[in-house]
Amino acid sequence: MTDSKYFTTTKKGEIFELKAELNSDKKEKKKEAVKKVIASMTVGKDVSALFPDVVNCMQTDNLELKKLVYLYLMNYAKSQPDMAIMAVNTFVKDCEDPNPLIRALAVRTMGCIRVDKITEYLCEPLRKCLKDEDPYVRKTAAVCVAKLHDINAQLVEDQGFLDTLKDLISDSNPMVVANAVAALSEIAESHPSSNLLDLNPQSINKLLTALNECTEWGQIFILDCLANYTPKDDREAQSICERVTPRLSHANSAVVLSAVKVLMKFMEMLSKDLDYYGTLLKKLAPPLVTLLSAEPELQYVALRNINLIVQKRPEILKHEMKVFFVKYNDPIYVKLEKLDIMIRLASQANIAQVLAELKEYATEVDVDFVRKAVRAIGRCAIKVEQSAERCVSTLLDLIQTKVNYVVQEAIVVIKDIFRKYPNKYESVIATLCENLDSLDEPEARAAMIWIVGEYAERIDNADELLESFLEGFHDESTQVQLQLLTAIVKLFLKKPTETQELVQQVLSLATQDSDNPDLRDRGYIYWRLLSTDPVAAKEVVLAEKPLISEETDLIEPTLLDELICYIGTLASVYHKPPSAFVEGGRGVVHKSLPPRTASSESTESPETAPAGAPSGEQPDVIPTQGDLLGDLLNLDLGPPVSGPPLATSSVQMGAVDLLGGGLDSLMGDEPEGIGGPNFVAPPAAAVPANLGASMGSGLSDLFDLTSGVGTLSGSYVAPKAVWLPAMKAKGLEISGTFTRQVGSISMDLQLTNKALQVMTDFAIQFNRNSFGLAPAAPLQVHAPLSPNQTVEISLPLNTVGSVMKMEPLNNLQVAVKNNIDVFYFSTLYPLHILFVEDGKMDRQMFLATWKDIPNENEAQFQIRDCPLNAEAVSSRLQSSNIFTVAKRNVEGQDMLYQSLKLTNGIWVLAELRIQPGNPSFMDLELSLKCRAPEVSQHVYQAYETVLKN
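Residues numbered from 1 in each chain as written. Predicted model: local features only at pLDDT ≥ 70, side-chain atom pairs only at ≥ 80, totals over all residues. Heavy atoms only, no water.

Student: Is there a simple way to explain the overall build of the protein in this structure?
Tutor: If you tally the helices and strands in the protein, you get 37 helices and 13 strands. Expressed as a percentage of the 949 residues in the protein, the buried residues total 53%. (Helix = DSSP H or I, 4+ residues; strand = E, 2+ residues; numbered from the N terminus. Buried < 20%, exposed > 50% of the residue type's maximum accessible area, 1.4 Å probe, protein only.)

Student: Explain unusual backbone geometry here, please?
Tutor: In terms of backbone geometry, most residues other than glycine have negative phi values and most peptide bonds are trans. The amide bond that connects glutamate 807 to the next residue, proline 808, takes the cis arrangement and shows omega of -5°. In this fold, proline 808 is placed in the loop between β6 (790-798) and β7 (811-817). Positioned with a positive phi, histidine 575 is a non-glycine residue whose angle comes to about 60°. The topology assignment puts histidine 575 in the loop between α32 (570-574) and α33 (625-631). Unusually for a residue other than glycine, asparagine 881 sits at a positive phi of about 65°.

Student: What is the right way to read the packing of helix α21 (residues 367-383) against helix α23 (residues 404-420) from this model?
Tutor: Interhelical geometry of α21 versus α23 gives an angle of 20° and a closest axis separation of 9 Å. Looking at the two axes, α21 sits roughly parallel to α23. With respect to the hand of their crossing, α21 and α23 are arranged in right-handed fashion. Counted together, Val367, Val370, Arg371, Val374, Arg375, Gly378, Ala381 and Ile382 of α21 and Tyr405, Val406, Glu409, Ala410, Val412, Val413, Asp416, Ile417 and Lys420 of α23 form the full contact between these two elements. Here the contact of α21 with α23 is built from residues that sort into 11 nonpolar, 1 polar and 5 charged. (Axes fitted to C-alpha atoms, helices over the stretch in contact; angles between N-to-C directions. Parallel < 35°, antiparallel > 145°, perpendicular 65-115°, else oblique. Left-handed = near helix turned anticlockwise from the far one by under 90°. Contact = heavy atoms within 4.5 Å. Nonpolar A, V, L, I, M, F, W, Y, C, P; charged D, E, K, R; others polar.)

Student: When you look at the sheet that holds strand β4 (residues 763-766) in this model, what are you seeing that I'm missing?
Tutor: Backbone-to-backbone hydrogen bonds join strands into a sheet, with any given pair of strands oriented parallel or antiparallel. Sheet architecture is open: 3 strands sit in the order β4-β7-β8, paired in antiparallel fashion. Edge strands, defined here as strands with exactly one partner in the open sheet, are β4 and β8 (822-828). Each neighbouring strand pair of the sheet contributes to a mean axis angle of 25°, computed without reference to strand direction. As paired strands, β7 and β8 are joined by 7 bridges and run antiparallel to one another. By the bridge assignment, asparagine 811 is partnered in β8 with leucine 828. (Pairing = 2+ DSSP bridges.)

Student: In this structure, what is going on with the state of the cysteines? I would like to understand it.
Tutor: Throughout this description, disulfide means a covalent bond between two cysteine sulfur atoms. In the structure shown here, the tally under the stated rule is 0 disulfides. Here cysteine 380 stays unpaired: no disulfide links it, and the sulfur of cysteine 391, its closest cysteine neighbor, is 5.7 Å away. (Disulfide = S-S within 2.5 Å.)

Student: When you look at a negative patch on the surface in this model, what are you seeing that I'm missing?
Tutor: Negative charge collects at one region of the surface, where Glu464, Glu467, Glu471 and Glu501 lie side by side. Tracing the backbone shows glutamate 501 in helix α28 (residues 500-511). (Patch = residues over 30% accessible without salt bridge, like charges linked within 9 Å, V, L, I, M, F, W, Y side chains within 5 Å. Areas by Shrake-Rupley, 256 points an atom, 1.4 Å probe, with all protein chains shown as cover. Salt bridge = Lys/Arg side-chain N within 4 Å of Asp/Glu carboxyl O. Lys, Arg positive; Asp, Glu negative; His and termini not counted. Charge placed at Lys NZ, Arg CZ, Asp CG, Glu CD.)

Given below as structure tokens:
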């Protein structure tokens, strides 16, 4: 008979009977009783009253019985901590049992009993098991350390278990190594700053040796650990890749994905010119293709990961298009994912094949899939210019099928094709207009209205078509209403004489009869524009549209780099960083790909770009989704409270007129022209009021010298650079620079509205950063920002905000909010804005400090072709708060000894050796000493920026 009999009993007084059986002398009876107890516990009955009786059964040689008792113990120890202490002696005894299985069982159970009182008693047995002769016991004990650390981290550290774990990485048994790595990784995740897994080439070599021999899950732990290591150069990266590559042929898909993650990460460091790089790309394709022959659920996970890989390195799978063709029996979630990857891999070489396939999909029965297929044809047209004509004719064929949802999707994508290729395919408009009556979805109706409005001059009966939509204006969705309003205004600007009545009608509907604030506001803006300045109206409404980009749904590059580091985890399926879905963010570490080595990247990286780089060289440092969504969206984007607000003039928003003309001018004389003598201005009452080298012995000579003092002329200010392009912020363009004047830091911003709607309610927030930079006052935009209007703002900053070390150090992540949305951007601020005015160090102190800072903290740099002599250098640097403490001449070379202080109190000492180069230019050698050596690179950039500009 099977064990199911233990679950069928329903007797009353059962606990009493079980108690008697547990205390029986017969071993078999005891075992049966314990099984009954476990069965009751499993179905949810409370059998905690039997705790002492079950614990007594621990004293047995029978392994099965012991396992059952331990199972019971794990379940009830938390609710009976005082009783659980009774079991401690047995644990200690079992940890010395001759049978390694029992020793391992005891140590495993110890780790699962989450009772503080007991943990300290378990340290001694655990220490013995960690050094046990049997590898099975050692590997179990390694995991137990991680469990114990979760209950009482301090105890584990005090007992030295972490050091023992680190020693186990050098164990002779691969499974012990794998478990030690898993345990250390687990502990390191909950303590990101602890640097437990201090990986170096020697330990990496041990891990790679163990990799070939441990179980599949052990391999995954080791591969995940390798993925967190950053090789010192491309040669080491290549060596690791060579040893990891065999894992790609493993039967377990999790091992394959973990290996892909390691290779994708280390490929960043390899030069694309290497033969090995090309070989690696070829080796990565087959395992990914093989993953697609698994069951649908695994296929989906593989496809989500492939989607990331294809965005990062499309060349890996560029010849594998056919494997992403949809099979008739694929579930819908697999079909949609394959479709997405097909579009990403579409190129001029394979577009014919892809289009034929997509046309086939558009005749399927699954409506969602068909819609996506039609949209995919449009995306192919936008991505591969040579195929656009073929795509358009395919879409027209689909429109001829007269299948409603196919027609509607086709119209939506044709609108995008018109935007991408203006004045090329407008001949198809007549065909589109024939299908006007069949459109019932808001997106399709809005697309059709846009087409009619945009090409009104080519459509004879454009006014009739738009009028037909106007009849049911209030029943339309907001999207359609907004599009209709804009289309009729466009039509009016193109054919003013014929459509005056129509535009009056739509403006009246939008402003007086509508409750939607967006619609009403847009109506008023158009009305006022048309009634005050028709020329401006034409410039705004009929402005040239920017071309749409090729792929709008690509993952933002910094986020993509982070997600590549999470291949094979849930983050790669969600396409979100762990911080976005892990509760509380505990143990979430932001990962990023290693920087490219010098040999593999000739372009200048943001870290080496001069701090004041002009806009052309502005590094594109985009904030990671995790950092910003975690920090910025949880914060109120109202006035910051990080310092006393500076005095600002108080202007009421409501009092400012939207377009500068004033309400009165609307009611006064009308300009002739488009408005015409009969054009009625909007009723005043209806317009809301609120629309609106080492120094050696020479140092001791310093005290006989006079200090070089310059005149204060203000710190160098870099020219404004575009920080947030309008394309990425729904029409808002932000340019800016940083200044420091008389001890005050400012962010000088220029906001330009390139959208068609007014922007209001501006606010700004900084993410935590290396020096605590934060706004000292709210972002004051005193009037609504009209289309094509630019406003200059100086935002005062202070350095009392939250601090978090950024990469690079001078990275500032910013969120700007307005009435449209919240937008994010990143910029690098020049470090000299943080040099304070009291940064001149006393000579005596300079000498003592220079000697006190260790020599390994000294960094040396060269500044070539500086057009200034020693006096001018000293003066120029002083204006940026870099002070000359002393100066002397050695063998015809001028030596300046300088000090500066950062806002966070860090002192930087400098020796500047000026060597005459050609007659008008000098070569400078700069030695910097600082207790925080990571700032040296940025201080050097500041020197170079100040001296060369």
